[in-house]
Amino acid sequence: MLILGGSASQPLAEKVAKELGQEAGQLEVKRFPDGEKYLRIHDNVKDQDVVAIQSLYRTPDENIFELLLLTDTLRDLGARSITAVIPYLAYARQDSRFYPGEAVSSASVARLLESAGTTSFFTIDCHLHRLGDVAKVFKIPAHNLTAMHELGKYAREHFKPRNPIVIGPDEEAEQWATVVAKELDSEHVAFRKVRVRKEGMTSSKVEVDAGDIELKGRDVVFADDIISTGGTIAEAANACKKGGAKRIFVVCTHPVLAEGALKRIKAAGVLKVIGTDTYPGPISKVTVAPVIAAALKS
Ligand code: R5P
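Treat the numbers as computed from the prediction; the structure is a model and nothing was measured. (Residues numbered from 1 in each chain as written. Predicted model: local features only at pLDDT ≥ 70, side-chain atom pairs only at ≥ 80, totals over all residues. Heavy atoms only, no water.)

**Examining the packing of aromatic side chains**
Phase 1 of the analysis: One pass over the full model with this rule turns up 7 aromatic pairs.
Phase 2 of the analysis: The interplanar angle of 10° and the centroid separation of 4.5 Å between the aromatic rings of Phe 159 and Phe 249 together place this pair among those described as stacked. Taken together, the residues span a long stretch of sequence, with Phe 159 in helix 4 (residues 148-159) and Phe 249 in strand 13 (residues 248-255) at a distance of 90 residues. Phe 249 carries the same exposure label as Phe 159, and that label is buried.
Phase 3 of the analysis: Ring plane angle 75° and centroid distance 6.0 Å describe the contact between Phe 191 and Phe 222, whose orientation is recorded as edge-to-face. (Phe/Tyr/Trp six-rings, centres within 6.5 Å; stacked < 30°, edge-to-face > 60°. Helix = DSSP H or I, 4+ residues; strand = E, 2+ residues; numbered from the N terminus. Buried < 20%, exposed > 50% of the residue type's maximum accessible area, 1.4 Å probe, protein only.)

Now the structure itself:
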C-alpha cells in the first residue's frame with residue numbers, strides 16, 4: 001500500500017505511513033505563474049493500492065481540485081485501487097436542497113471523486129445532518145471514522161476531570177459524547193439546540209437548552225465534531241456555568257475556528273479546548289493518524 005499526502009496533508013500522511021511501518025510516497029506539487037498547479041508522483045504506482053490523503057480545510061476548493069488531479073493521474077498511471085482519505089470533508093453541511101436552486105454540495109463532491117477514479121473513501125466524524133451516513137452519499141464503499149476515542153484519551157490524561165460529565169452540546173453530538181464518556185468512565189448527556197437560519201443567510205443563531213441536568217460542582221467535558229463560530233459551545237458553556245459547573249473543557253474533531261471563535265469560547269468560561277489535525281491549527285493537539293492507519297489495516 002502506498003500512502004501519498006496531498007499538499008494540505010503531507011505531515012499527516014507521513015504520520016499515517018509511520019504508523020503502518022513505512023514511508024510516505026513522494027508527491028511534488030508546484031505552481032505555474034498563472035496560479036495553476038503542477039503535480040508529479042515520484043513513485044511507481046502501476047498495479048499498486050494507493051491511499052491519497054488530503055483534508056479540505058481552509059482552502060477547500062483548491063484542496064479538492066488537487067485531490068481530483070491526483071486521483072485522475074493515479075488512475076491514468078494504472079493504480080490498482082485508489083482510496084481517498086479526506087479527514088475534514090468540507091461541503092458536507094449542504095447535504096440537502098433547502099431552497100430551490102441550491103447545490104447539494106456533498107453529493108456533487110462524491111460524484112466528482114468517483115468519476116475521477118476513487119475506489120473507496122474514508123472521512124472522520126463527518127456530520128451529515130439529514131443523511132446520517134457517508135455511505136448514503138457515495139456509490140463506492142465509504143466509511144466515517146471517529147477521532148473521539150483519541151480525544152477522550154487526551155481529555156483523561158491532560159484535563160484530568162473530577163466527577164466529570166461529558167456533554168454533547170446538541171442531540172446529534174450525543175454519539176460523540178458517548179465515546180468520550182467511555183474513555184473517561186463517566187456518564188454523558190446531550191443538550192438540546194435550536195438553530196435559526198434565515199433564507200439567503202449562511203450563518204445562524206443558536207439557542208441551547210440544558211434541561212434539568214445536575215451540574216453543580218462537576219467538571220464538564222463537551223464533545224462535538226466541529227467548532228466553527230464557537231456559538232454552540234459558548235451557549236452551552238454559559239448554560240453549564242448557570243447550572244453551577246466547576247471547570248469546563250472542550251474536545252472537538254475539526255477545529256475550524258472562524259475569527260473570534262476561541263475568544264468567544266474562552267469568554268464563556270471554557271478552561272481548555274482542543275481539536276485534531278484534520279484541521280491543523282493552534283489547538284490541534286491530537287493526531288488522527290492512528291485512526292486512519294487502523295482503518296487502512298483492517
Ligand atoms: C452542528 O450541529 C455541529 O455539530 C456543531 O455543533 C456546529 O457546527 C458548531 O458550529 P458553531 O461553532 O458555529 O456553533
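**Examining the sheet that holds strand 7 (residues 142-145)**
Phase 1 of the analysis: Ordered in space as 1-4-5-6-7, the 5 strands form an open sheet in which the pairing is parallel. Bordering the open sheet on either side are strand 1 (2-5) and strand 7, each of which pairs with just one other strand. Averaged over all neighbouring strand pairs, the angle between strand axes comes to 20°, with direction disregarded.
Phase 2 of the analysis: When strand 1 meets strand 4 (residues 49-53), the two strands line up parallel, connected through 4 bridges. Pairing of Leu 2 across the sheet is with Val 50, part of strand 4.
Phase 3 of the analysis: Strands in contact with helix 1 (residues 10-19) are strand 1 and strand 4; relative to strand 1, the strand with the most contacts, it is inclined by about 160°. (Pairing = 2+ DSSP bridges. Axes fitted to C-alpha atoms, helices over the stretch in contact; angles between N-to-C directions. Contact = heavy atoms within 4.5 Å.)

**Structural notes on the pairing of strand 2 (residues 27-31)**
Phase 1 of the analysis: Pairing of strand 2 with strand 3 (residues 37-41) involves 5 bridges; the strand directions are antiparallel. Considered in strand 3, the bridge of Val 29 is made with Leu 39.

**A few points about unusual backbone geometry**
Trans is the common state for peptide bonds, and a negative phi is the common state for residues other than glycine.
Phase 1 of the analysis: Positive phi, close to 55°, is recorded for Arg 58, a residue that is not glycine.
Phase 2 of the analysis: Residue placement: Arg 58 occurs in the loop between strand 4 and helix 2 (60-76).
Phase 3 of the analysis: For Tyr 91, which is not glycine, the phi dihedral falls at a positive 75°.

**A short note on the environment of Ala 177**
Phase 1 of the analysis: Structurally, the position occupied by Ala 177 is in helix 5 (residues 174-184).
Phase 2 of the analysis: Distance from Ala 177 to Gly 132, taken between C-alpha atoms, is 17 Å for residues 45 residues apart in sequence.
Phase 3 of the analysis: Excluding residues that lie within four positions of it along the chain, Ala 177 makes contacts with Val 166, Ile 167, Gly 168, His 188, Val 189 and Ala 223.

**Here's the deal with the domain arrangement of the protein**
Phase 1 of the analysis: What the domain assignment lists for the protein is domain 1 (2-146 + 288-297) and domain 2 (148-277).
Phase 2 of the analysis: Taking only C-alpha atoms, the centre of domain 1 and the centre of domain 2 are 28 Å apart.
Phase 3 of the analysis: If you look at the interface, domain 1 gives 17 residues, while domain 2 gives 15 residues.
Phase 4 of the analysis: Here domain 1 packs against domain 2, burying approximately 1,400 Å² in sum over the two surfaces, 49% of which is carbon and sulfur.
Phase 5 of the analysis: When residues of domain 1 are sorted by the area they lose upon contact with domain 2, Tyr 99, Asp 125 and His 127 head the list and together hold 38% of the total.
Phase 6 of the analysis: Counting every contact that joins domain 1 to domain 2 gives 1 salt bridge.
Phase 7 of the analysis: Between Lys 15 and Asp 277 there is a salt bridge, and its shortest N-O distance comes to 3.9 Å. (Domains from an automatic or database assignment. Buried area = accessible area lost by both parts, 1.4 Å probe. Salt bridge = Lys/Arg side-chain N within 4 Å of Asp/Glu carboxyl O.)

**So, the environment of Asp 212**
Phase 1 of the analysis: With respect to the helices and strands, the residue Asp 212 is situated in the loop between strand 11 (205-209) and strand 12 (219-227).
Phase 2 of the analysis: The exposed category is assigned to Asp 212, whose relative accessible area is 76%.
Phase 3 of the analysis: As for Asp 212 and Phe 159, which are separated by 53 residues in sequence, their C-alpha atoms are 25 Å apart.

**Some details on empty space enclosed by the protein**
If a probe the size of a water molecule is rolled over the atoms, the empty space left behind becomes visible.
Phase 1 of the analysis: All chains considered together, the criterion is met by 1 cavity of 30 Å³ or more.
Phase 2 of the analysis: In this structure, the largest cavity occupies an estimated 40 Å³ of space.
Phase 3 of the analysis: Leu 89, Ala 90, Tyr 91, Ala 92, Ser 106, Val 109, Ala 110, Val 137 and Phe 138 are the residues that line the largest cavity.
Phase 4 of the analysis: Counted by class, the lining of the largest cavity contains 8 nonpolar, 1 polar and no charged residues. (1 Å grid on protein atoms, 1.4 Å probe; cavity = no way out; pocket = protein on both sides within 12 Å on 5 of 7 lines; lining within 4 Å. Points joined across faces, edges and corners; volume = space filled by probe spheres on them. Nonpolar A, V, L, I, M, F, W, Y, C, P; charged D, E, K, R; others polar.)

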